[in-house]
Amino acid sequence: SEGNDLSPVTHFARDPKGQIWFSTYGEGLFMLNAHDPGFKSKPFSEHQVIHTFEFVNDHEVLLGTGTGLMLCNLSGSDTIISTTRIRNIPETKITGIQKKKKGPGYYISTENEGLFLVTLNKHNFQVTGIIPASDKHFVGVQQILEDSQSDLWIATMGYGLIRIKF
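Read on for an overview of the structure. Because the structure is predicted, anything quoted here is derived from the model rather than measured.

A look at the environment of Thr67
In step 1: Here Thr67 is to be found in the loop between strand E6 (60-65) and strand E7 (68-73).
In step 2: The spacing of Thr67 and Glu91 is 24 residues in sequence and 4.5 Å in space, taken between C-alpha atoms.
In step 3: Once residues within four sequence positions are removed from consideration, Thr67 is found in contact with Gln48, Arg85, Glu91 and Thr92.
In step 4: At 2.6 Å, the side chain of Thr67 and the side chain of Gln48 are in polar contact.

Details of the layout of surface pockets
In step 1: The space that makes up the largest pocket amounts to roughly 180 Å³.
In step 2: Taken together, Asp15, Lys17, Gln19, Trp21, Met31, Lys40, Lys42, Asp58, His59, Leu74 and Ser75 make up the lining of the largest pocket.
In step 3: Taken together, the residues of the lining of the largest pocket sort by class into three nonpolar, three polar and five charged.

Let's talk about the pattern of salt bridges
In step 1: One pass over the full model with this rule turns up four salt bridges.
In step 2: With a closest N to O distance of 3.6 Å, Glu91 and Arg85 form a salt bridge.
In step 3: By relative accessible area, which is 59% here, Glu91 ends up exposed.
In step 4: With a relative accessible area of 15%, Arg85 lands in the buried category.
In step 5: Of the charged contacts in the structure, one is a salt bridge between Asp151 and Lys165, with a shortest N-O distance of 3.4 Å. Of the two residues, Asp151 is situated in the loop between strand E13 (141-146) and strand E14 (152-156) and Lys165 in the segment after strand E15 (161-164); the sequence distance between them amounts to 14 residues.
In step 6: Judged by relative accessible area, which is 57%, Lys165 ranks as exposed.
In step 7: Among the ionic contacts, a cluster of salt bridges with common partners joins Asp151, Arg163 and Lys165.

Cut-offs and rules
- Residues numbered from 1 in each chain as written.
- Predicted model: local features only at pLDDT ≥ 70, side-chain atom pairs only at ≥ 80, totals over all residues.
- Heavy atoms only, no water.
- Helix = DSSP H or I, 4+ residues; strand = E, 2+ residues; numbered from the N terminus.
- Contact = heavy atoms within 4.5 Å.
- Polar contact = N/O pair within 3.5 Å; in protein donor to acceptor, adjacent residues only side chain to side chain.
- 1 Å grid on protein atoms, 1.4 Å probe; cavity = no way out; pocket = protein on both sides within 12 Å on 5 of 7 lines; lining within 4 Å.
- Points joined across faces, edges and corners; volume = space filled by probe spheres on them.
- Nonpolar A, V, L, I, M, F, W, Y, C, P; charged D, E, K, R; others polar.
- Salt bridge = Lys/Arg side-chain N within 4 Å of Asp/Glu carboxyl O.
- Buried < 20%, exposed > 50% of the residue type's maximum accessible area, 1.4 Å probe, protein only.

Shown next, in the form of structure tokens:
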């Protein structure tokens, strides 16, 4: 176990090449170096907290921040460049991004504004509401996970673990 002076880690994910990345409160993304101790830093140009993230391809990543969902570019710069703010997702804390196991798209969970399905076609986004913000059982969503039967599991602060069958 190695310690350092980074701010708290918020999420881990693998890029399409299998490299492990992690996000922190306010310091951006970091790629673990498999061959040397340490990691490579990619600060976020907008200086926002990254709560969760998921790779779209080798050079683009969906970032879930405290103010919504963004598609960002990782190539060609030492910092993460925000290319597109996905406007049909409320400007609220994004708590989970789960790539669909079957078919295109990503499940997006917000802390208190509902659940969404986002499909990407280049830089065109289609956003579909799955669970509305008015459903009191889905307040305080912390994490989402799709299982092998394509059921969606939602971890909440007030109602525990909830399964949605699709």
